[in-house]
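If you want the building blocks of each chain, they are given just below.
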Amino acid sequence: MQTFGNYINGEWITKGDTFEDRNPANTDEVVGLFVKGSAADMDAAAAAAAEAFPKWAAMPAPNRANILFKAAEILESRFDSIAAEMTREEGKTLPEAKGETRRAINILKYFAGEGARMGGHLVPSERDRVHMFAIRKPIGVIGLVTPWNFPIAIPCWKLAPALICGNTVVLKPASASPLSAWRLVEALHDAGIPKGVVNFVAGSGGTLGKALVEAKPLKAISFTGSETIGKWIHTEASKRMLRIQLEMGGKNPTIVLKDCDFNAAVENVVNAAFFSTGQKCTATSRAIVEDEIYDKFVAAVVERTKKLKVGNGMEAGIDIGPAVDEAALKTILDYIEIGKKEAGAPLVGGNRLTGGAFDKGYFVEPTVFANVTEEMRIGQEEIFGPVLAIMRAKDFEDAMRIANATPFGLSASIQTSNVSRVFDFVYGAEAGLLTVNLPSAGVEYQLPFGGTKDSSFGPKEQGPAAFDFYSDYKTIYLKY
Ligand code: NAP
């Protein structure tokens, strides 16, 4: 069994207590052992990052880019094994893991490409013979805290822009799936990243999170995860006036109108609700359906859901893998019980899957509740599992009102052929990521990513917007 060490100041630290990274589809399998980082490790990592910062920041951005391009090549050469490990540690199906690995490679290349394009502003002055311009500069040491559901893509979409801007980083991956992030750091190490520029400390979120937020050299923190932890980080990091970026939960709606392409709408809702076991932050958890097609739509979604195959994501033909761990499974099953009390028995699903290989994993049936109303907890709270609440709307205006009636605002979708409705939705939906006639989940890296309301705080991630968080401006007025 391999022990995966922490990476501090260019060294792999493999000594110390370990914790297990287990396969949620087969809990007999330990995918790897990880060294449990301490608060002292976090301090050492932050100190190493601070020492490495001036030299890395001074390196021309196109040269920093060469290291990112090389890391992308290395990931490409290890593509199949990285994807398979991701399925084994997180549970998503192998095609989904391959898609995510491809995305990580593309993110590295995209931000590496930005190294040669990192512009500022050059504008004419009102004054004679004054040259005025603004250049981008890095922030310093940045802490990155990531969740388990996209275990390589999220670390990558934080690390790549941070590094290309000239920052140095300390990455704390999720304990449920640290190996994919470790592989990213390994690729950067093998690509020749200078020591101290990237540091990786795995272990308890409580212990390491506190140490990270309190680490003296830290200038900024980027977090993706639950609202509870995000709010805690906001409180603590604000005391030190750290720059903060938080991406948190959602209760994402898909509005289905009577003029939609019916079959495509069913497919889009089922895909967005259940693929990746509903464990995408942009997953649809509420389908808000116009009255006239409500009954027909509910029946079609139930029929389609019955055809989904749940099982070990390494096997061909599986649509849905397990929940990531026992705690996640318990949360999902608890919400199903709440849903039964609030909305009656689910029309499909509602149980943990047992018997044979199911007994070794955290498998749950994809579950559909109908007649959910906006006051119900299953219509308001994030479940983060394969549970879909279907809600009835009188008309488009009612659907929009219901869609916006939660504190969250991550993603939202509409299924319609009416272009005016599309634009009403685009301007009226309270969410940061919108899709039209597509599943609510499934974003690309070339545009800003993030939510609004309680789902997010601070500048957006990805695309050109990533630089708003990972760099600052220096403005220069020069008389010649
Ligand atoms: P989580 O429990 O909040 O954990 C996220 C990360 O924070 C993990 O690395 C965790 O470490 C760490 N952590 C735990 N306690 C901490 C503390 N006191 N201080 C600092 N860090 C701490 O979330 P999760 O269960 O991994 O992920 C699921 C959540 O993420 C869902 O709410 C989902 O909507 C959200 N999400 C949002 C987006 C988005 O872009 N908006 C994307 C993906 C996921 P440990 O693993 O060691 O506990």
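Residue numbers run consecutively from 1 along every chain, following the written order of its sequence. The predicted origin of the model limits local features to residues at a pLDDT of at least 70 and limits the giving and counting of side-chain atom pairs to 80 or more, whereas totals for whole chains, interfaces and linings rest on all residues. Processing note: side-chain calculations cover all non-hydrogen atoms of the structure and skip hydrogens and water entirely.

S.K.: Describe the pairing of strand 14 (residues 284-290), naming the residues involved and giving the relevant values.
M.R.: Exposure classes here rest on a 1.4 Å probe applied to the protein chains alone. A residue is buried below 20% of its type maximum, exposed above 50%, and partly exposed in between. Only DSSP runs of H or I reaching four residues or more are called helices, and only runs of E reaching two or more are called strands; each is numbered from the N terminus. Burial within strand 14 is extensive, with 7 of its 7 residues counted as buried. Here strand 13 (residues 252-256) runs beside strand 14; their pairing, made up of 5 bridges, is parallel. Of the residues in strand 14, the one forming a bridge with Ile255 is Ile288. Strand pairing requires that DSSP identify at least two bridges connecting the strands. As paired elements, strand 14 and strand 16 (residues 387-393) share 5 bridges and run parallel to each other. When the sheet's bridge partners are listed, Val289 is paired in strand 16 with Arg392.

S.K.: Run through the sheet that holds strand 14, naming residues and quoting values.
M.R.: Two orientations exist for strands paired in a sheet by backbone hydrogen bonds: parallel and antiparallel. An order of 15-16-14-13-17-18 is seen for the 6 strands of this open sheet, with the pairing classed as parallel. The sheet is open, and its two edges are formed by strand 15 (367-369) and strand 18 (433-436), each paired on a single side. Averaged over neighbouring strand pairs, the angle between their axes works out to 20° when direction is ignored. As paired elements, strand 13 and strand 17 (residues 411-415) share 3 bridges and run parallel to each other. Its bridge partner being in strand 17, Ile255 is matched across the sheet by Ile414. Between N-to-C directions, angles span 0 to 180 degrees; the directions come from axes that are lines fitted to C-alpha atoms, helices contributing only their stretch in contact.

S.K.: Help me get a handle on the site of the ligand, residues and values and all.
M.R.: Consider each residue's heavy atoms; a residue with any of them within 4 Å of a molecule or strand counts as near. Neighbouring the ligand are 30 residues; Thr146, Ser175, Ser226, Met248 and Glu382 lie closest to it. A distance of 3.0 Å is found between an oxygen atom of the ligand and a backbone nitrogen or oxygen belonging to Gly205. In this structure, Ser226 approaches the ligand through a side-chain N or O atom, which is 2.6 Å from an oxygen atom. The set of elements that each furnish at least two residues to the shell around the ligand consists of helix 7 (205-214), strand 11 (218-224) and helix 8 (227-239). For this analysis, a polar contact is any N or O atom pair within 3.5 Å, provided that within protein one partner can donate a hydrogen and the other can accept it, and provided that sequence-adjacent residues contribute only side-chain to side-chain pairs.

S.K.: With reference to specific residues and values, describe the sheet that holds strand 7 (residues 130-138).
M.R.: On the basis of which strands lie adjacent, the open sheet formed by 3 strands has the order 6-7-20 and antiparallel pairing. Among the strands making up the open sheet, the edge pair consists of strand 6 (121-124) and strand 20 (471-479). Averaged over all adjacent pairs, the angle separating strand axes in this sheet is 20°, with direction ignored. Sheet topology note: the strand 6/strand 7 ladder contains 4 bridges and is antiparallel. In the strand pairing of strand 7, Val123 is matched with Met132.

S.K.: Give a detailed account of the packing of aromatic side chains, specifying residues and quantitative values.
M.R.: Classification of ring pairs uses Phe, Tyr and Trp, with its six-membered ring standing for Trp, and accepts pairs whose centres are within 6.5 Å; under 30 degrees between planes counts as stacked, over 60 as edge-to-face, and the remaining range as tilted. Counted according to the given criterion, the structure contains 14 aromatic pairs. Arranged with centres 4.7 Å apart and planes meeting at 40°, the rings of Trp12 and Trp182 form a pair that is tilted. Of this pair, Trp12 sits in strand 3 (residues 11-13) while Trp182 sits in helix 6 (residues 178-190), placing them 170 residues apart in sequence. The exposure class of Trp12 is partly exposed, given its relative accessible area of 26%. When the ring of Tyr110 is compared with that of Tyr445, the centres are 5.6 Å apart and the planes differ by 65°; the resulting orientation is edge-to-face. Residue Tyr110 is located in helix 4 (residues 94-114), and its partner Tyr445 is located in the loop between strand 18 and strand 19 (456-457); the two are separated by 335 residues in the primary sequence. You'll find Tyr110 and Tyr445 in the same group, each marked buried.

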